[in-house]
Amino acid sequence: MQPFDLLASLPAIAAAVGLTITSIVVLALDMFLKESQRRNIAFVTAAGMFLTAGMMLAFWMPTAATEGLYWGGMVRFDMLATMFCVIALLGGGITALITIDVDKLGRSGEYYLIITVSTLGACLVSSASDLIMVFLGLETMTIPLYVLAAFRRDDKKSAESGMKYFLFGSFASAILLYGLSLIYGFTGSTNLYTIAEYMGSDAFTVNLVPVLVAITLIVVGFGFKISAAPFHFWTPDVYEGAPTPVTAFLSVVSKAASFALLVRFALTAFPPALAINGAEVQLFWTNLAAVLAVVSMIVGNLIALAQKNIKRMLAYSSIAQAGYTLIGVAALAADGREQAVAGISYYMLMYMFTNLLAFGVVILYSNATGKDDIRDFAGLSRRSPWMAIAMTIALLSLAGVPPGAGFLGKFFLFQAAVLSNLTWLALFGILMSLVALYYYLIVIKYMYVDKGEDEEQAIPVSGTYRWTLAVVTIVVILLGSFAVQPIFNWAMEGAQTLFASL
Amino acid sequence: MENTGLSLVTVVLFLPLVGFSILLFIPDAQSRNIKYTALGTSLVTFALSLVMWANFDAANPALQMVQRWEWLPQYGIGYYVGIDGLNMIMVVLTTFIMSIGILSSFNAHVIQERGREKLYYLFMLLLQWAMIGVFVVQDLIIFYIFWEVTLVPMYFLVGIWGGEKRVYAAVKFFLYTMAGSILMLLALLYVGTQAGTFAVPEIIAGIQAGTISFPLDGLFSTQSILFLGFFIAFAIKVPIWPLHSWLPDAHVQAPTAGSVILAGVLLKMGSYGMIRFLLPMFPEASVAWAPIIALLAVIGIIYGAWVSFAQTDMKKLVAYSSVSHMGFIVLGIFAMTSIGIQGSIIQMVNHGISTGGLFLIVGMLYERRHTKDLAAFGGIWKAMPLLGAISLVVVLSSMGMPGLNGFIGEFTILLGSMGSTVLGIGFTVVAALGIILAAIYMLNFFQRIFMGELDKEENKNLPKLEWNEIAVLVPIVVLAIWIGLQPAPFMNPSDATVESLVAQVVPDTTTVAQLPEAGQGE
């Protein structure tokens, strides 16, 4: 056992430290600032998160020498963790910025505080390498989200959404915890690496079936967090009822972090070579992921076709997106596994920007008009051409049509599936994206082709929104064009370090 | 040698995007500036594409003015453009038709009525960029990206500025093409993954050298399935009977310039794709499937002509005539002789000119009368003699009158299919029948509009042609006569490339002279 070295251990929790400082500053500002000035807290929150992300990228990038387990094996410091942590930080920061003018939320310090804490949880989740930390991180991330979903106490829908989310969420947490405790019971250890080592050794004599039960329970728990069908029932109601910025946040940050955890957990605790009683455990959970992927893509895409409310439509679309990403998880089974991990990371990064862009426009629109039905977007291209362009790019990217980043995101995932001999799954994904195209196009059709009621009235766009949405739009296009190469290389590096440590 | 500075091809490709960006910042109200920025961009692009033609070395069968940048090296994907005998003339056709299309929209009624002029021209330039991209890129993934991008502006052009049932037509167009492209995406992912690169020349070189091979043992083996994946996408675009049903709807509902571009360029993306990708990448499958595809093409020729004759809607009539004409092009390609393919290439240009011209004429009549019904016209020659004279040339060119461009294309195609080693003589005979039918329906079209008595009151005082209407029709007439009288300068550029292509696909019968060596395709 190496002696504890504080300075060397700090980079592993750099994000947590940065976010803690941010949250203290936010808390203090909330006390001292006057009501009229509290919207500035958004800038402070965003600055804190972007700064943390920047510092992590500039000074605390993991190298071959520094990566490894830290803090008593609780967290692992590697490229994958850094990447997903940066995704969470950027997602949190952008969410803070697009909340700034939202009624009630924009001027309350506690909102920003809760967002910061939830982001902190997401960062812990993406680096967790111990069962205790897995559960702790997930709860730190999710409990603030229950609060946020019910943030508009006087609004019945918001309260209902918070309640539903809480009930389903705690139920799923219980199932997950049961699975985790079974694993602990079988192996007597909470560290993922020790667990894998023990299960691979001769000392491990537990029957295969209980292990598979434990895996199933854990996958069900994760399935809830990433809103994969058939564990998606909370998603539409919560997405619709929660204040839109909260929906935006929970649709990207908690999903991305949960995918990071799913990949790390599955690969570390049940590595490719592990066989119990001669049966390859990995095939079990990758097949499970393939089934979830198929069900999510069907449920998400087909029900999204019938939606009238844009938030509900985006909710079902996010279920479908979870399905596409699960194709990557299923592809972890064979030769395509490195591409699969990189593909998942890339997909989550581009999905974070794309979905926040779409939600940003929705927030802006419903702020100005108080409406959020798809039909209400009629004539947007005449009222605010730039907003319509931003929304179009976001939707095309979600649909996987080339100019946006989504095309390459899907390309990497499907490519990984083909490499892992899951051509049928890639085929299915491609066919389902064709279905998805229809409901995204409907929105675009409303914006450009149909006539709205108050055609001539431009929608007021404040400076913050203008800049945030413009930058995010450009990032989405860049991720689909010039920036692919460096970002994907980075993701590949993350994938390779993960497999090197197994 | 490759990456020395900026290739002219790259410049031509991205100029429309530059114009697009400038246009984005011109205020909506400045209608004049918007129009002339769009026109200026398309004219400069056209001029540069002519410079490109002037610098093109026709004797060299390989890609020229190549530009290549790595994009995703681990997957073998990169920006890779270049021109050769197959695509050079298509680029020029695109830039030419786009200039015509933009100029012809200047006083379009529908734009004034529905407004949003700027958006219209933005979509036009976006479309131009994407179409040039489809023709010049040599990387499968980037090709697919451009192929998809062409859908978006066309969808809006039809959906916003189209006729009564525009949304239906736009969605049908989008879904048909998208369904085809999904199959193509799957096939090209498989090809690229197996080959380790998505660069088409490298894949073809690998197939030639035997390092990459897709087995073909029977009509539904790997190579056949890949072939069909690409083929269906291209066949929908062309369109080949029985996949043509989106075309009449899209044509009838599209605004005039939309129809012109659709007929002039977008359909050619399909037939170009067949020559560029299908033949060299899947040579055995191409030979094996050739008779079946030729059969569909011939059915299309007759069917298109037949249905066209029965139409009372002018636009529908021209649309079905496209189905017939495109059948010729496909027949020429799958004859697998260099004469046939060269004929197809020149016929793509001819069809762009003649059918584009027909749609312009129909559009001009529609602007004046607001109906597309043939019965509403008659005796227009007396009211608009200039339009009548121009229309006569265009109609004759479309039906393949010797001395005009259409004849050159159809004649060479028939010549090529006659000498084909993979197709029987029957195809040629039936296709030749198509030319006769074309004469019937085209003359019917001309007669019912321009001939006869000027008996309808509304037709007596039709406004004269505007300056821009004359400006778009004159180049079309000039080209129709020029290609008809002196086709060599237009056909020579494709000589060398087509020769080497045919040598790759049908190795033991490089020229028609070696006919007895038939042993292909059993």
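Just above, that's the structure.
Please read all numbers here as calculations on a predicted model, not as lab measurements.

For the rest of this paragraph, the subject is helix α3 (residues 88–104) of chain B. For α3(B), which comprises 17 residues, the first-to-last C-alpha distance of 25 Å matches the rise-based estimate of 24 Å (1.5 Å per residue) to within 8%. Taking burial as the measure, the 17 residues of α3(B) include 17 buried ones, the bulk of the element.

What follows deals with the interface of chain B and chain A. Counting residues at the interface gives 30 residues for chain B, matched by 33 residues for chain A. Both faces considered, chain B and chain A share a buried interface measuring about 3,000 Å² in area, 80% of it formed by carbon and sulfur atoms. A per-residue breakdown of the area chain B buries against chain A is headed by Trp71(B), Tyr75(B) and Arg116(B), which together make up 22% of the total. The interface formed by chain B and chain A includes four residue pairs in polar contact (both at pLDDT 80 or more). Among the elements of the structure, β1 (64–72), α6 (140–149), α7 (151–161) and α8 (166–195) of chain B are those that each provide at least two residues to the side of chain B that touches chain A. It is α8(B) that provides the largest number of residues to the side of chain B that touches chain A, a total of ten residues.

Next up on the list: the packing of α3(B) against helix α15 (residues 338–369) of chain B. Each pair of packed helices can be summarised by the angle the axes make with each other and by the distance between the axes. Residue and element names in this part refer to chain B. Interhelical geometry of α3 versus α15 gives an angle of 5° and a closest axis separation of 10 Å. Classed by the angle they form, the pair α3 and α15 counts as roughly parallel. For the pair α3 and α15, contact is made by Ile 89, Met 90, Leu 93, Ile 97, Ile 100 and Ser 104 and by Ile 345, Met 348, Val 349, Gly 352 and Leu 360, respectively. Residue composition of the contact of α3 with α15, by class: nine nonpolar, two polar and no charged.

Let us look at the environment of Thr66(A). Residue and element names in this part refer to chain A. Residue placement: Thr 66 occurs in the loop between α3 (40–58) and β1 (68–70). Sequence separation of Thr 66 and Ala 12 is 54 residues, and the distance between their C-alpha atoms is 9.3 Å. The contact partners of Thr 66, leaving out residues within four places of it in the chain, are Met 61 and Phe 77. Within the structure, Thr 66 has its side chain in polar contact with the backbone nitrogen of Thr 63 (distance 2.9 Å).

Among the nonpolar cores identified, the biggest contains 411 residues, and Phe270(A), Phe230(B), Phe334(B) and Phe445(B) are the most heavily contacted of them. Ranked by residue count, the leading element in this core is helix α14 (residues 337–369) of chain A, at 21 residues. Not counting residues up to four positions away in its chain, the partners in contact with Phe230(B) are Leu140(B), Met184(B), Ala187(B), Leu188(B), Val191(B), Leu278(B), Met281(B) and Phe282(B).

Conventions we followed
- Residues numbered from 1 in each chain as written.
- Chains lettered and ligands numbered in written order.
- Predicted model: local features only at pLDDT ≥ 70, side-chain atom pairs only at ≥ 80, totals over all residues.
- Heavy atoms only, no water.
- Helix = DSSP H or I, 4+ residues; strand = E, 2+ residues; numbered from the N terminus.
- Expected span 1.5 Å × (residues − 1).
- Buried < 20%, exposed > 50% of the residue type's maximum accessible area, 1.4 Å probe, protein only.
- Contact = heavy atoms within 4.5 Å.
- Buried area = accessible area lost by both parts, 1.4 Å probe.
- Polar contact = N/O pair within 3.5 Å; in protein donor to acceptor, adjacent residues only side chain to side chain.
- Axes fitted to C-alpha atoms, helices over the stretch in contact; angles between N-to-C directions.
- Parallel < 35°, antiparallel > 145°, perpendicular 65-115°, else oblique.
- Nonpolar A, V, L, I, M, F, W, Y, C, P; charged D, E, K, R; others polar.
- Core = buried A, V, L, I, M, F, W, Y, C linked by side-chain atoms within 4.5 Å.

These results come straight from atomic positions and should not be treated as a statement about function.
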